[in-house]
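Each chain, written out:
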Amino acid sequence: MAGRLSLPEVELTCAICCDIFRDPVVLKCSHSFCSPCLQQYWGRGRSRDCPLCRNQSVDDPVPSLTLKNLCDAFVQESEGAEETGGGGGELYCDPGEMCLLHGERLKLFCLPDKEPICVVCHTSRKHKQHDCCPVSEAVVDVKEKMKSTLTSLQEKKDAFDKMRKNYEDTVAYIQVQAQFVQRRTHEEFEKLHTFLRVEEEARMEALRREEEQKSREMRQKIEEITSEITSVSESIRLLEEDLASEGISILKNCRRTLTRVNCQVENPAMAHGSLIDVAKYLGSLTFHVWEKMHKTIKYTPVTLNPNTAAPWLVLSDDLTSVCDSEEKQKLPDNPERFDPDTAVLGRESFTSGKHTWDVGVGDNTAWVVGVAKESVVRKEKVSSVLKNGYLCVYFYHNMYFAGTSPLTRLSLKKNPQKVRVLLDCDKGRVSFYDPQDNTHIYTFKHAITEKVFPYFWVGCQKCPLIVEPREVSVKAVEYF
């Protein structure tokens, strides 16, 4: 048997004797063998099966004249090369291509055991009934699997690269968010600080004025009583002089002196309210400041959640209004965000109790207002109807609809400037009203079985949707 075979020689080698074909024949399965080798293989009591693929061969083998000519030409060329080349005859055989048990070349690949075997291994007990294929075919199959795996890994790597870029962009956006929150917090607290400073200065000014007034009144009282003291002192002096007189003179002067000193002089007394009303300034000081402060503070029952807003939406800095725009912002594609639908949710979620909020729609030409379930699809464009998890009314093409399936056309006598949403989770109702005259618009009757959020969709760039502020009051609780 020849040693290491070149690629052309492999194609001209019998899989049974592992040598150049002698009188080659071809079976119906297209595998070729030496005619003597095949007859000897079948003469061992085996059925007429192909030594390689085990397919049964009913027809007799067909001689392959073309293959015989190629083998003869190859043998002549090899013999000529040995005569002229003077080489060693046999070429080096890579040990990795040889069967360690039989010393034969590994030409077959056992499919069940997933290992290369020689022809002798194929006839052994271990691999006798196993399906095999030529090593070259197995190599092709393995390369195809490796290419497929490589493609899958490359796609996975691309997905990881994309997600890493998304993470990096998210880190940068988190910093932008932090700076925005810091700026807005500073602005809001500066308003509070300014209010408190103005309130403190006003209280200090009122205290200063009262102090000056009360002090001035006391100084005036001091001047008046000082004059009285002088007058009384003079009367005392005159009486003392008359008392020092003797005889007739005291009788002559007593009437005049007593008349003078007997003028009615009121006893001095402290007037009511002379002191500073300390309790007025310090009594429940922080409460009264808070009570006054609430008149300058705006409260909205719903705050828009910018992390859910579609990239085309523009939210106000105080997160109370939203409108559409032509420019798509570069925002992280987080799971909470709507995209491509131009929608945004309120931050507050509800599962029980009653809740209400007013939405200013004004002259907005395309809007949807209501509530949406937490499970709504956010990465696809979905109609805002009940079956998709929305309980909303909307205005489009100058028509009002309720988001039922199918849609319910609503007939309103006038276009509301505001829409009031009344959510009763316990009764499973979402009602809509015109708050100007409390006209009922529509009511959904649907059990609330999961978290729901205030929902806003806007398709108008000129007029925003506005969550209206609510009037609040500060009062002490009375106990009876």
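Bear in mind that the values here come from a model prediction, so they are computed numbers and not experimental data.

## Observations regarding the sheet that holds strand S19 (residues 465–467)
The pairing of strands in a sheet comes from backbone hydrogen bonds and takes either a parallel or an antiparallel form.
Point 1. The 7 strands are arranged S7-S8-S19-S10-S15-S16-S17 in an open sheet whose pairing can be described as antiparallel. Pairing within the sheet leaves two strands with one partner each, and these edge strands are strand S7 (313–315) and strand S17 (439–445). Each strand axis lies, on average, 20° off the axis of its neighbour in the sheet, ignoring direction.

## Observations regarding the pattern of salt bridges
Point 1. If you walk through the whole model with that rule in mind, you get 26 salt bridges.
Point 2. Here Asp 333 and Lys 379 are joined by a salt bridge, their closest N and O atoms 2.7 Å apart. Residue Asp 333 is located in the loop between strand S8 (321–324) and strand S9 (343–345), and its partner Lys 379 is located in the loop between strand S11 (367–373) and strand S12 (390–396); the two are separated by 46 residues in the primary sequence.
Point 3. Under the relative-accessibility criterion, Asp 333 is labelled partly exposed at 45%.
Point 4. What makes Lys 379 partly exposed here is its relative accessible area of 34%.
Point 5. One network of salt bridges, in which partners are shared, links Arg 183, Arg 184, Glu 187, Glu 188, Lys 191 and Asp 317.

## Some remarks on the environment of Thr 300
Point 1. Along the chain, Thr 300 falls in the loop between helix H8 (285–293) and S7.
Point 2. Taking the relative accessible area as the measure of exposure, Thr 300 reaches 13% and is therefore buried.
Point 3. Sequence-wise, Thr 300 and Val 289 are 11 residues apart; in three dimensions their C-alpha atoms are separated by 21 Å.
Point 4. If sequence neighbours within four positions are ignored, Thr 300 has contacts with Thr 320, Val 467, Glu 468 and Pro 469.

## Side note on the sheet that holds strand S5 (residues 115–117)
Point 1. One open sheet accounts for 3 strands, arranged S5-S4-S6; its pairing is antiparallel. At either margin of the open sheet sits one strand with a lone partner, and together these are S5 and strand S6 (132–134). Here the strands of the sheet are splayed against their neighbours by 35° on average, with no regard to which way each runs.
Point 2. Where strand S4 (residues 108–110) meets S6, 3 bridges bridge the pair, whose relative direction is antiparallel. By the bridge assignment, Phe 109 is partnered in S6 with Cys 133.
Point 3. Contacts from helix H5 (residues 135–243) reach S4 and S6, with the element oriented near 95° to S6.

## Some words on the UniProt feature "domain: B30.2/SPRY" (unreviewed entry) in the protein chain
Point 1. UniProt annotation of "domain: B30.2/SPRY" (unreviewed entry) refers to residues 282–474 when read in the numbering used here.
Point 2. Along residues 282–474 one finds 5% helix and 35% strand; the C-alpha atoms at either end are 19 Å apart.

## Some words on the side chain of Asp 49
Point 1. Mapped onto the secondary structure, Asp 49 falls in the loop between helix H2 (35–42) and strand S3 (62–63).
Point 2. In this structure Asp 49 comes out as buried when scored by relative accessible area, which is 9%.
Point 3. In this structure Asp 49 touches Tyr 41, Trp 42, Arg 54, Asn 55 and Gln 56, once residues within four positions along its chain are discounted.

## Things to note about the packing of aromatic side chains
Describing an aromatic ring pair means giving the distance of the ring centres and the angle of the ring planes.
Point 1. Within the structure shown, the criterion is met by 10 aromatic pairs.
Point 2. Consider the rings of Phe 432 and Phe 444, whose centres lie 6.2 Å apart with planes at 75°: the pair is edge-to-face. Residue Phe 432 is located in strand S16 (residues 429–434), and its partner Phe 444 is located in strand S17; the two are separated by 12 residues in the primary sequence. Just as Phe 432 is buried, Phe 444 falls in that class too.

## Remarks on a nonpolar patch on the surface
Point 1. Judged by side-chain polarity, Ile 276, Val 278, Leu 282 and Leu 285 come together as a nonpolar surface patch covering roughly 320 Å² of accessible area.
Point 2. In this fold, Ile 276 is placed in the loop between helix H6 (248–261) and helix H7 (278–282).

## Remarks on the environment of Thr 443
Point 1. Note on placement: Thr 443 falls in strand S17.
Point 2. Given a relative accessible area of 22%, Thr 443 falls into the partly exposed group.
Point 3. Between the alpha carbons of Thr 443 and Thr 13 there is a distance of 86 Å; along the sequence they are 430 residues apart.
Point 4. Once you skip the residues sitting within four places of it in the chain, Thr 443 turns out to touch Arg 429, Val 430 and Ser 431.
Point 5. One polar contact links Thr 443 to Ser 431, side chain to side chain, over a distance of 2.9 Å.
Point 6. At a separation of 2.6 Å, a polar atom in the side chain of Thr 443 contacts the side chain of His 440.

What counts, and at which threshold
Residues numbered from 1 in each chain as written. Predicted model: local features only at pLDDT ≥ 70, side-chain atom pairs only at ≥ 80, totals over all residues. Heavy atoms only, no water. Pairing = 2+ DSSP bridges. Helix = DSSP H or I, 4+ residues; strand = E, 2+ residues; numbered from the N terminus. Axes fitted to C-alpha atoms, helices over the stretch in contact; angles between N-to-C directions. Salt bridge = Lys/Arg side-chain N within 4 Å of Asp/Glu carboxyl O. Buried < 20%, exposed > 50% of the residue type's maximum accessible area, 1.4 Å probe, protein only. Contact = heavy atoms within 4.5 Å. UniProt positions renumbered as here; feature names shortened; annotations may be inferred. Phe/Tyr/Trp six-rings, centres within 6.5 Å; stacked < 30°, edge-to-face > 60°. Patch = residues over 30% accessible without salt bridge, like charges linked within 9 Å, V, L, I, M, F, W, Y side chains within 5 Å. Areas by Shrake-Rupley, 256 points an atom, 1.4 Å probe, with all protein chains shown as cover. Polar contact = N/O pair within 3.5 Å; in protein donor to acceptor, adjacent residues only side chain to side chain.

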